[in-house]
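Observations on chain architecture
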Amino acid sequence: MLVFSTKLPLKEEITPENCVQLFKEWVEGSPHYSINVRSYEEKSREDFECRDGNVTFSIRHFENDHVNVVACRLENQDGNALWINDCIYISENGLKFILIQLNCNRTDFGIRLPKVHKPYIVRKFIEMGFCKDDSGIPITDYPLDADNEFYDICVKIMLGDYDYSLPAVYVSCDPYGKHRVDSRELARKLGGLAHVFLEQKPETASKLRFDTNGNNSYFGYVGIYFPGTSSCKKYGFEYYDDNREMIQGIIDSVWRPLINRLDATTYNWNQIVALQSRKKMLEWQDINKHDKKQLEEYINTFDQENKGLRDKIDELNQLVYSLEARCDSLHEALKGSSSDSNFFKSGTEPALYPSEKEDLLYSILSQVRNRFPASSRAVDIIDSLLEANPRSGNCEKIIAGVEDIFANRTRLNDSAKSQLKSLGFTISDEGAHYKLIFHDPRYTFSVAKTPSDHRGGNNLTSDIRKIIDIERKII
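What counts, and at which threshold
Residues numbered from 1 in each chain as written. Predicted model: local features only at pLDDT ≥ 70, side-chain atom pairs only at ≥ 80, totals over all residues. Heavy atoms only, no water. Helix = DSSP H or I, 4+ residues; strand = E, 2+ residues; numbered from the N terminus. Polar contact = N/O pair within 3.5 Å; in protein donor to acceptor, adjacent residues only side chain to side chain. Contact = heavy atoms within 4.5 Å. Pairing = 2+ DSSP bridges. Axes fitted to C-alpha atoms, helices over the stretch in contact; angles between N-to-C directions. Buried < 20%, exposed > 50% of the residue type's maximum accessible area, 1.4 Å probe, protein only. Arc of directions from axis to C-beta. pLDDT = per-residue confidence, 0-100. Salt bridge = Lys/Arg side-chain N within 4 Å of Asp/Glu carboxyl O. Patch = residues over 30% accessible without salt bridge, like charges linked within 9 Å, V, L, I, M, F, W, Y side chains within 5 Å. Areas by Shrake-Rupley, 256 points an atom, 1.4 Å probe, with all protein chains shown as cover.

Before going further, it helps to spend a moment on the side chain of Asn216. Tracing the sequence through the fold places Asn216 in the loop between α5 (202-211) and β10 (222-225). Only 3.3 Å separates the side chain of Asn216 from the backbone oxygen of Ala205, close enough to count as a polar contact. Asn216 has contacts with Met158, Ala205, Leu208, Arg209, Tyr225 and Lys234, leaving out every residue within four places of it along the chain.

Okay, here's the thing in structure tokens:
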């Protein structure tokens, strides 16, 4: 099974030969292998394989008008574990990347996998300076300055307005400028997987709260942000027994999405072997028309099956994201039920998405505030609570997403279904109606498969808003 995956942008001047040379140096310089790969010439476009005991080293090439791929595989049978490390150079549409993946499979019936470490080749690519900046963010293994040099980039990341590819980890400081985790160790372990930004001035947190509408981690918390979204997964020391356990929890939360990411399977080893076979079949010139037609039908069938598998991967990824969001909400519930909490007890009803309960209380307090006399004690307490518990706006984003989907729409196409799933809905298509379930079967809505009323979309949006909008006006 895939246990590690990262995709790093490469500088324009990096060639396939540079990467092959680095692959060879990595294997030859390792104290764990004695295999000799010096005989392979870097400029060769021929496939290569050599074996020494339990270790096998292979290289595969594929090239057409659109893409140039050079894949290196190192297989090592270590006891009951088969480790497969793939390093794949990809040049496509004028961009260059290196995809590094690690698979580990047991050869017995044991359940637990051996402990997984980041492949050393990732560090080699960083140390050699092969990696291009990720939209202005250097790919490195040390923390980046969040107070000054990278402050503006941090703001854009937290607002979801920055185009970058690797996750961002933000380490905030407490009011005294201290940190809950060792940022250097965190950056070293996440080098090539995520960018680690370090906040060293408490006043930076206050500035960020204003510039990001409260979407920053602060008071020593660590926040993880993923490309394409402003959603933040926050980690506090109260969830862990010690510093190292917290660091490992953060690392695990970065590794899992990278493994599940769809582009992690676009050019894996098996796909390259299949592309090689397809290219060879298409080059056959001496087959008759009947055989050629059958061959083309076989290739088309293979392509359709491959597309179906990719669609299934995408669907499973959406499920993973939904479950992670539910996990975040349970963390928030545990936090709210702490005996040290002087604000409110969480109760037995779980939040359906992060900060749902907090935003409900924020909405209620905001609306009742003006019912009290100005400068009264009640107003001071409410203002203090609102400041300490900033609104996330997640509900507003969900409602806006639903409105956007059903605006002038009478049917649910594949794009609309995908968007609804990303908002937290599960879709059942049994019978004459679709059933849209918002996290919990108690919140189910029906959509006709063949609607006749052009106002159906607006009516459905209104029904959904009535049920799930926790920020609606009550006063």
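Back to the text.
Looking now at the sheet that holds strand β11 (residues 232-235). The mixed open sheet is built from 5 strands, whose spatial order is β7-β9-β8-β10-β11. Two strands close off the open sheet at either side, each with one partner strand: β7 (144-145) and β11. Across 4 bridges, strand β8 (residues 168-171) lies against strand β9 (residues 195-198) in parallel orientation. Following the sheet pairing, Val169 is matched in β9 by Val196. Against the sheet, helix α4 (residues 183-190) engages β8 and β9, with an angle of about 165 degrees to β9.

The next subject is α5. Residue pairs spaced three or four apart in an α-helix point in one direction, given the helix's 3.6 residues per turn. Those residues of α5 that sit buried are Thr204, Ala205 and Leu208. Within α5, the buried residues cover an arc of 100 degrees as seen down the axis, which keeps them to one side. Structural note: α5 exposes Glu203, Ser206 and Phe210 on the side pointing more than 90 degrees away from its buried face. Packing partners of the buried residues in α5 comprise α3 (151-159) and β8.

A few words on unusual backbone geometry. For Asn93, which is not a glycine, the phi torsion comes out positive at approximately 55 degrees. For Asn93, a relative accessible area of 68% puts it in the exposed group.

Let us look at the confidence of the model for the protein. With 81% of its residues at a pLDDT of 70 or more, the protein shows a mean pLDDT of 82. Mean pLDDT across the elements of the protein ranges from a minimum in helix α8 (residues 289-336), with 61, to a maximum in β9, with 97.

For the rest of this paragraph, the subject is the pattern of salt bridges. Under the criterion given, the structure shown has 12 salt bridges. Among the salt bridges present, the one from Glu49 reaches Arg51, with a minimum N-O distance of 3.9 Å. Relative accessible area serves as the criterion here: at 59%, Arg51 is assigned to the exposed category. The residue Arg123 makes a salt bridge to Glu127 at a minimum N-O spacing of 2.7 Å. You can see Arg123 and its partner Glu127 sitting in helix α2 (residues 120-127), 4 residues apart, about one turn around the helix. Under the relative-accessibility criterion, Arg123 is labelled partly exposed at 42%. Using a relative accessible area of 46% as the deciding quantity, one classes Glu127 as partly exposed. Members of the salt-bridge network, linked through shared partners, are Glu49, Arg51 and Arg60.

As a further point, take a nonpolar patch on the surface. Together, Leu360, Ile364, Ile474 and Ile475 make up an exposed nonpolar region whose accessible area comes to about 310 Å². Turning to its location among the elements, Ile474 is positioned in the segment after α13 (456-468).

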